[in-house]
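The lines below spell out each chain.
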Amino acid sequence: MTLLRMCKNLPARMPPSLTVGNNALSVFVSKNAAAGVGLNLCGARLISLATNDLSTMSAVSNTFENVKAVILSAHKSTTPREKVNFYNSWAGNYDQDVAVLDYRAPALAANCISSHFSGAPEAAVVLDVACGTGLVAKQMKQRGFGRFLGVDGSDAMLQVARRSGLYRDLKQCLLGEEPLPSQWGLCDVVVVVGALSVGQVPVGAVRHFCRATKPGGIICMTTRSNQDNLEYKATLERELRQMEQEGLWACVEVAEEKDWERAVSEQEVGYISGAVYLYKKL
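Every residue gets a number counted from 1 within its own chain, in the order that chain's sequence is written. Whole-chain, interface and lining totals are the exception, using all residues; otherwise, since this is a predicted model, local features are given only for residues with pLDDT of at least 70 and side-chain atom pairs are given and counted only at 80 or more. Just so you know, side-chain values use all the structure's heavy atoms and leave hydrogens and water out.

### Digging into the packing of aromatic side chains
Put simply, the test is: A pair of aromatic rings is counted whenever rings of Phe, Tyr or Trp (Trp by its six-membered ring) have centres within 6.5 Å, and the orientation is called stacked for planes under 30 degrees apart, edge-to-face for over 60 and tilted otherwise. Only protein chains enter the accessibility calculation, which uses a 1.4 Å probe. A residue is then buried if its area is under 20% of the maximum for its type, exposed if over 50%, and partly exposed in between. Secondary structure follows DSSP: runs of H or I at least 4 residues long count as helices, runs of E at least 2 residues long count as strands, and numbering of each begins at the N terminus. Should the NZ of a Lys or the CZ of an Arg lie within 6 Å of a ring centre and within 35 degrees of the ring normal, that charge is described as sitting over the ring.
With the rule as written, the count across this model stands at seven aromatic pairs. Here the aromatic rings of Phe-86 and Tyr-87 are separated by 5.5 Å at their centres, their planes lie at 80 degrees, and the arrangement is edge-to-face. Note on accessibility: Phe-86 and Tyr-87 belong to one class, buried. Centre to centre, the rings of Tyr-87 and Trp-90 are 5.9 Å apart; their planes meet at 35 degrees, and the pair counts as tilted. Of this pair, Tyr-87 and Trp-90 both sit in helix α4 (residues 80-90), three residues apart, which is roughly one turn of the helix. Here the two residues Tyr-87 and Trp-90 agree in accessibility, since each one is buried. An aromatic cluster of three or more residues is present, and its members are Phe-86, Tyr-87, Trp-90 and Tyr-94. The ring of Phe-64 carries Arg-262 above its face, with NZ or CZ at 3.9 Å from the centroid.

### Some words on the pairing of strand β11 (residues 271-281)
Basically, it comes down to this: Paired strands, in this sense, are two strands between which DSSP finds at least two bridges.
Burial runs high along β11: eight of the 11 residues are buried. Sheet topology note: the strand β9 (residues 213-224)/β11 ladder contains seven bridges and is antiparallel. Within β11, the residue paired with Met-221 across the bridge is Tyr-277. Taken together, the 10 bridges between strand β10 (residues 249-262) and β11 define a ladder with antiparallel strand orientation. Bridging from a neighbouring strand, Glu-257 pairs with Gly-274 of β11.

### Points about the nonpolar core
To be explicit about the condition: Buried residues of nine kinds, namely Ala, Val, Leu, Ile, Met, Phe, Trp, Tyr and Cys, make up a nonpolar core once their side-chain atoms join them within 4.5 Å.
By size, the foremost hydrophobic cluster in this structure holds 49 residues, and its most contacted members are Trp-90, Ile-113, Met-140, Phe-145, Phe-148, Tyr-167 and Val-191. It is helix α6 (residues 105-116) that provides the largest number of residues to this core, a total of six residues. Membership of the second largest hydrophobic core comes to 32 residues, among which are Ala-130, Ala-195, Phe-209 and Met-243.

### Examining the pattern of salt bridges
Going by this rule: For this analysis, a salt bridge means a side-chain nitrogen from Lys or Arg found within 4 Å of a carboxyl oxygen belonging to Asp or Glu.
Under the counting rule described, the total for this entry stands at seven salt bridges. For Glu-246, the salt bridge goes to Arg-207, with nearest N and O atoms at 3.0 Å. Note that Glu-246 is positioned in the loop between α10 (230-245) and β10 and Arg-207 in helix α9 (residues 206-211), a separation of 39 residues in sequence. Classification of Glu-246 as partly exposed rests on a relative accessible area of 39%. For Arg-207, a relative accessible area of 21% corresponds to the partly exposed category. Lys-233 serves as the salt-bridge partner of Glu-256, at 2.8 Å between the closest nitrogen and oxygen. Here the residue Glu-256 occupies a position in strand β10, and Lys-233 occupies one in helix α10, the gap between them amounting to 23 residues. Overall, Glu-256 belongs to the partly exposed group, its relative accessible area being 47%. With a relative accessible area of 10%, Lys-233 lands in the buried category. Ionic contacts of the salt-bridge type, sharing partners, join the residues Arg-207, Glu-239 and Glu-246 into one network.

### Here's the deal with the confidence of the model for the chain
Going by this rule: Every residue gets a pLDDT, meaning the predictor's confidence in that residue, from 0 to 100. In this description, contact between two residues means that some pair of their heavy atoms is separated by no more than 4.5 Å.
For the chain, the average pLDDT comes to 83, and 78% of its residues sit at 70 or higher. Contacts from residues 1-60, a stretch scored under 50 in pLDDT, to residues over four places away or in other chains number 243 contacts.

### Considering the environment of Ser-197
Counting through the fold element by element, Ser-197 comes out in the loop between β8 (187-192) and α9. Ser-197 gets classed as buried once you look at its relative accessible area, which sits at 2%. Between the alpha carbons of Ser-197 and Arg-224 there is a distance of 6.8 Å; along the sequence they are 27 residues apart.

### A look at α6
The line we're drawing: In a helix, the anticipated span is given by 1.5 Å times the number of residues less one.
Here α6 contains 12 residues, and its C-alpha end-to-end distance of 17 Å stays within 8% of the 16 Å for a straight helix at 1.5 Å per residue. Within α6, the full set of buried residues consists of Ala-105, Pro-106, Leu-108, Ala-109, Ala-110, Cys-112 and Ile-113. Those residues of α6 that are buried are in contact with α7 (135-141), β8, β9, β10 and β11.

Written out as structure tokens, the structure reads:
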């Protein structure tokens, strides 16, 4: 999942989470799709015509079509602040909804990290950027990691992550607009799942991820490979190669994955693909 920008003191993909603003985000799900729930997200307020928040929309009937409508509504959010509002409203049903999408990025990233990390995973400090509700940390915990720090743009997502009990510390950050928390020092692993995509975190933020990593530490990032994200992905890969040429890190693995998540665009069917990138800081 989970997304996504960087830093205010807390309480911190697709897809990790990001934005708030004055423009209205309107979400409407048809009567058949979600029992007639109409919602308006305007600034920091969520006004529900039939319920109290957007999470009720998918809770009414957590089907693929309903989840698809929720995700497509996020594309109407054009500023970082508007996106944070959207993710705040989605936090309560995020985990259930991405399960409907068969969202595999958290597990794929955790597998990649686990296969290349040479130290003791239980001692490694892991910075989970755009941590959302904690899906990546849950996957990494199953693989022996346990010292997690998390940042995310959505306070509501961070509240869910805090309740998981997985994180030693969480902070709210607007990625690309604010620096990562410096008080944490350098980390053994930095992982960014779901946030690096068009309309989410700007490509230039990857330099912050490198700076937050210890020499010899690893940085794992993901992005989608669907049609709407191809231009962003190409720009991202140019930046990753440029940083390698500058001697900042070395590429360990790039894995293209065919079945990333179920497609939600009208132009795509079945599953979209995605990519996992793993770099070692020099």
